[in-house]
Amino acid sequence: MMFGTIKSASCVWVVWVCLFFCSRLTNAGAAPICANSQAGCHVLSLANLFDRVIQHSARTHGISNNLHTEFEQYFLPSKNHIGRVSRNCHTSSILTPNGKDNAQRMAREELTEVILKLLVAWRDPLWHFHTSMAHHHDFNNFSSNKALEMSNMVHELHKGVEKVAEKMQVMGIISNTVSSLASPEALLASDSSEWRLMRDYDLLYCFRRDSNKVQNYLKILKCRIVPEHGC
């Protein structure tokens, strides 16, 4: 009798666990995040969208910092060699505001476009960097995987910033003139052969610089538009 009771209780427990985890999985994948009200979407406020892309940009910049440090340890043991590294980045053709004050004075549309242009310009170079790292036998697999993660994170960050821009357009905060993928300036920076001629260390240095810019510009943009949320 007791065995039957235990067996019955065990069955109930298994069913409950299955239902719990199935519901967790369903809830996790059922509603993608959208900027506006659409069928089957989870709509976030503009402040929440900003928080998500800022956190994502912080993680991306953190990975670029770590890889930059590891790259120095593996390939540039001489400080004199580091001092001779070129600083000519392929994104220098994209006009970016110099300093916080200039970024704050920039029109919202222009600052949003600058962020999107920088992200688009790194689309191909980061994938190239990951491929290059995969062929370096001295560079550990963990670091090579981080290079791939960094490339994927930039792609996701670009999609997130596009959602922020879309939300701002719907709310009338910025005009509908903001263009991201169709920007000739950004596509030229991404597709030009200039970045292909850069050494891996130069490429990583430039991305670390630009990812820091993106993070700072996003913070400035958020504080100009939703200052009551953590500014």
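Everything that follows concerns the structure shown earlier in this document.
So, a few notes on the structure that sits alongside this text. Remember, it's a predicted structure, so these values are computed and weren't measured experimentally.

Conventions we followed
- Residues numbered from 1 in each chain as written.
- Predicted model: local features only at pLDDT ≥ 70, side-chain atom pairs only at ≥ 80, totals over all residues.
- Heavy atoms only, no water.
- Helix = DSSP H or I, 4+ residues; strand = E, 2+ residues; numbered from the N terminus.
- Contact = heavy atoms within 4.5 Å.
- Salt bridge = Lys/Arg side-chain N within 4 Å of Asp/Glu carboxyl O.
- Buried < 20%, exposed > 50% of the residue type's maximum accessible area, 1.4 Å probe, protein only.
- 1 Å grid on protein atoms, 1.4 Å probe; cavity = no way out; pocket = protein on both sides within 12 Å on 5 of 7 lines; lining within 4 Å.
- Points joined across faces, edges and corners; volume = space filled by probe spheres on them.
- Nonpolar A, V, L, I, M, F, W, Y, C, P; charged D, E, K, R; others polar.

What follows concerns the environment of valine 214. For valine 214, the location among the structural elements is in helix 9 (residues 200–225). Placed 103 residues apart in sequence, valine 214 and leucine 111 show a C-alpha to C-alpha distance of 9.9 Å. Residues in contact with valine 214, not counting those within four places in the same chain, are Ile115, Leu118, Leu119 and Leu157.

For the rest of this paragraph, the subject is the pattern of salt bridges. Per the counting criterion, the structure on display carries five salt bridges. With its nearest N and O atoms 2.7 Å apart, the salt bridge here joins aspartate 51 to lysine 222. Placement of aspartate 51 in helix 2 (residues 46–75) and of lysine 222 in helix 9 is noted, with a sequence separation of 171 residues between them. Under the relative-accessibility criterion, lysine 222 is labelled buried at 7%. Put simply, arginine 209 and aspartate 210 hold a salt bridge, and the shortest N to O gap is 3.0 Å. Given a relative accessible area of 28%, arginine 209 falls into the partly exposed group. Residue aspartate 210 is classed as buried on the basis of its relative accessible area of 2%.

Attention now goes to empty space enclosed by the protein. One pass over the full model with this rule turns up one cavity of 30 Å³ or more. Taken as a whole, the largest cavity holds about 50 Å³ of empty space. In terms of lining residues, the largest cavity is bounded by Ser57, Thr60, His61, Leu118, Leu119, Trp122, Val154, Leu157, Phe207, Asp210, Ser211 and Val214. For the lining of the largest cavity, the secondary structure elements donating two or more residues are helix 2, helix 5 (108–121), helix 7 (141–170) and helix 9. Ranked by residues supplied to the lining of the largest cavity, first place goes to helix 9 with four residues. When its residues are assigned to classes, the lining of the largest cavity shows seven nonpolar, four polar and one charged.

Take the layout of surface pockets next. Put simply, the second largest pocket is a space of about 210 Å³. Counting residues per element, the lining of the second largest pocket draws most heavily on helix 7, at five residues. Among the residues forming the lining of the second largest pocket, the class breakdown is six nonpolar, four polar and one charged.

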